[in-house]
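As a plain string of letters, each chain reads:
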Amino acid sequence: MAKKSKLWSYSAGRHGLKVTVCERKAGGILYARCKGPRLENGSHGKTWRSLGHRDKQRAERYAVDQAAKRQNQADEISSGRTPFGHILKLYLRHKTPNKSTTEQRSDRRKAEMWLCLLGPGLDPHRITLRMWESFITARMAGAINARGHAVPEGERKTVGTRVVQADLRWLRYACAWGTEWQENGRYLLTENPVRGFKIPEEKNPKQPIATLERFEALRAVSDDVTMEIRWSGRHEACRSYLSEVLDICNETGRRITAVLSLRRDNVELDRGAYGLIEWPADTDKQGRRSVVPITPTARAAIERRLRERPTIGRAYLFPSPSDPNVPVSLRLALVWLGKAERLAGLEHIPAGGFHMFRRKWATECKGLSAIDAATAGGWTTPATMQRIYQKADQETMLEVVMNRRPLREAR
């Protein structure tokens, strides 16, 4: 019978406070263990902790460090503390892959920033309100950039409240996830250390909304915005996709990134009154799939794209001019929109972009079924659509003040 290979181990510390690092499987991930609290039968259990790596020299240094800390009951193993860096590492590994590509990039950026600011070895339970408020002040003043690095005073640019909100909410969500995720039979966090900490609110948020007149002015010149196709070594100037993108955004109310990522097999023109679009989960901000009917205008825009470039299967409706295997980028679509604004003689609206048409669509749905409008437009709940996207306008306010119901005494 072949002999089993001996598993590597290393111990540090005096009797009773010893910390051992070892393999549980030859060549596998290393673990640390120490004597746990006394059990009811008088014996001691063992507390285990995954180190998440295979570097034996690094493990030995860890054992020496933790053995020294055990004397003050400050080690990470027996105290149950999970380092901040380990929680974010597990979050990126298990939670982030379920999000859209854009959200995944955002998660990695935010994790890098918080690790830079707080340090990977921090006990998350030691995050204080003072640390939270200091971050808000520094980030809004531009003293900290998006990667968590200090910015020289002469190069600082103030950051909007919504950017800071997103960073703080992400930290809160990551910590909340840590209170639910178990490793080695215990939760990563016993409680959310930032629960209840106040997140700054924008008193006057910039949420511009497009009007029908603005849309029509842009649509009138959109065919004049061109692009250069550079596929397989050929260079060809042609009309951009801006016309079709504007039509679909205006008719569906969907986010621009979801529109640009549409594939041929997401469109079914032979179903429903004018066709259907299956909005896939991987391009939805909330990760939800939905099948929504389209209008004649949206159908005409799709048919125009298919006439110019017949496609089947997983091919993109709006492929990048430089690579047909990826969708056109949001940055390029915004460049096209800016050119159309200049051609139409329209003033550029800060913080506008294509999201203005999403707000326009939501506002035009006032008075219709809220649940159907939210589902068709890709909102998780009607409350989100009504609170953030729908705007008061003169016509509907006039209708309210003219048609209010008199309040009479009960009979």
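Higher on the page you've got the structure.
Residues numbered from 1 in each chain as written. Predicted model: local features only at pLDDT ≥ 70, side-chain atom pairs only at ≥ 80, totals over all residues. Heavy atoms only, no water.

1. Let's talk about the nonpolar core
The condition is simple: Residues belong to one nonpolar core when they are buried, are Ala, Val, Leu, Ile, Met, Phe, Trp, Tyr or Cys, and are joined through side-chain atoms within 4.5 Å. The classification of residues rests on relative accessible area computed with a 1.4 Å probe and restricted to protein chains. Under 20% of the type maximum is buried, over 50% is exposed, and intermediate values are partly exposed. Where helices and strands are cited, they refer to DSSP runs of H or I of at least four residues and of E of at least two residues respectively, numbered from the N terminus.
Grouped together as the largest cluster of nonpolar side chains are 48 residues, with contacts concentrated most on Tyr241, Val245, Leu246, Trp279, Ile302, Phe318 and Phe354. When residues of this core are assigned to their parent elements, the largest contribution, 5 residues, is made by helix α7 (residues 242–252). The next biggest cluster of nonpolar side chains, apart from the first, holds 30 residues, and it includes Ala111, Ile127, Ile136 and Leu168.

2. A short note on the state of the cysteines
In plain terms, the rule: Criterion for a disulfide: a pair of cysteine sulfur atoms at a distance within 2.5 Å.
A full pass over the atoms with the stated rule returns 0 disulfides. Take Cys175: it sits in no disulfide, and the sulfur closest to it among the cysteines is that of Cys116, at 17 Å. You can call Cys175 buried: its relative accessible area is 2%.

3. Concerning the pairing of strand β7 (residues 226–231)
Stated precisely, the cut-off is as follows: Being paired, for any two strands, means DSSP has found at least two bridges between them.
Residue alternation in β7 divides its side chains into a buried set, Met227, Ile229 and Trp231, and an unburied set, Thr226, Glu228 and Arg230. Bridge analysis of β7 against strand β8 (residues 234–239) gives 6 bridges, and the strand direction is antiparallel. The partner of Thr226 across the bridge, within β8, is Arg239. Connecting the antiparallel pair β7 and β8 is a turn made up of 2 residues, with Ser232 showing a positive phi of about 55 degrees.

4. Digging into the pattern of salt bridges
Put simply, the test is: Salt bridges are defined as contacts in which a side-chain nitrogen from Lys or Arg sits within 4 Å of a carboxyl oxygen from Asp or Glu.
Throughout the structure, instances matching the rule amount to 23 salt bridges. One salt bridge connects Lys360 with Glu364, and the closest N-O pair in it is separated by 2.7 Å. Residue Lys360 and its partner Glu364 are both found in helix α11 (residues 355–364); the two are separated by 4 residues, about one turn of the helix. We classify Glu364 as partly exposed; its relative accessible area is 47%. One continuous salt-bridge network, built from bridges that share partners, spans Asp223, Arg239, Glu244, Arg304, Arg305 and Glu308.

5. Concerning helix α6 (residues 212–221)
Stated formally: Each direction from the helix axis to a C-beta atom contributes to the arc, which is the arc of those directions. Throughout, a residue-residue contact means that at least one pair of heavy atoms, one from each residue, lies within 4.5 Å.
Every buried residue belonging to α6 is among Arg214, Phe215, Leu218 and Val221, and all of these are buried. Along the long axis of α6, the arc covered by the buried residues comes to 140 degrees, so they all point the same way. Those residues of α6 that are exposed and angled more than 90 degrees off the buried face are Glu213 and Ala220. Residues of α6 that are buried make contact with α7, α10 (330–344) and α11.

6. A closer look at the packing of helix α12 (residues 370–377) against helix α13 (residues 382–389)
In plain terms, the rule: For helices, the fitted line uses only the C-alpha atoms of the stretch in contact; every axis is such a line through C-alpha atoms, and the angle between N-to-C directions lies from 0 to 180 degrees. Oblique is the label for any angle not covered by the other classes, which are roughly parallel (under 35 degrees), roughly antiparallel (over 145) and roughly perpendicular (65 to 115). Classification used: nonpolar for Ala, Val, Leu, Ile, Met, Phe, Trp, Tyr, Cys and Pro, charged for Asp, Glu, Lys and Arg, polar for all others including Gly.
Relative to each other, α12 and α13 sit at 85 degrees, their axes nearing to 8 Å. When the interaxial angle is binned, α12 and α13 end up roughly perpendicular. On the side of α12, the interface is formed by Ala370, Ile371, Ala373 and Ala374, while α13 contributes Pro382, Met385 and Gln386. The residue inventory of the contact of α12 with α13, partitioned by class, reads 6 nonpolar, 1 polar and no charged.

7. Let's talk about the packing of helix α4 (residues 129–141) against helix α5 (residues 161–178)
What counts, and what does not: In this scheme the crossing of two helices becomes right-handed for a clockwise turn of the near helix relative to the far one and left-handed for an anticlockwise turn of less than a right angle.
At a minimum axis separation of 10 Å, α4 and α5 run at an interaxial angle of 150 degrees. One way to sum up the angle between α4 and α5 is to call them roughly antiparallel. Handedness of the crossing formed by α4 with α5: right-handed. Seen from α4, the contacting residues are Trp132, Phe135, Ile136, Arg139 and Met140; seen from α5, they are Thr161, Val163, Val164, Asp167, Leu168, Leu171 and Arg172.

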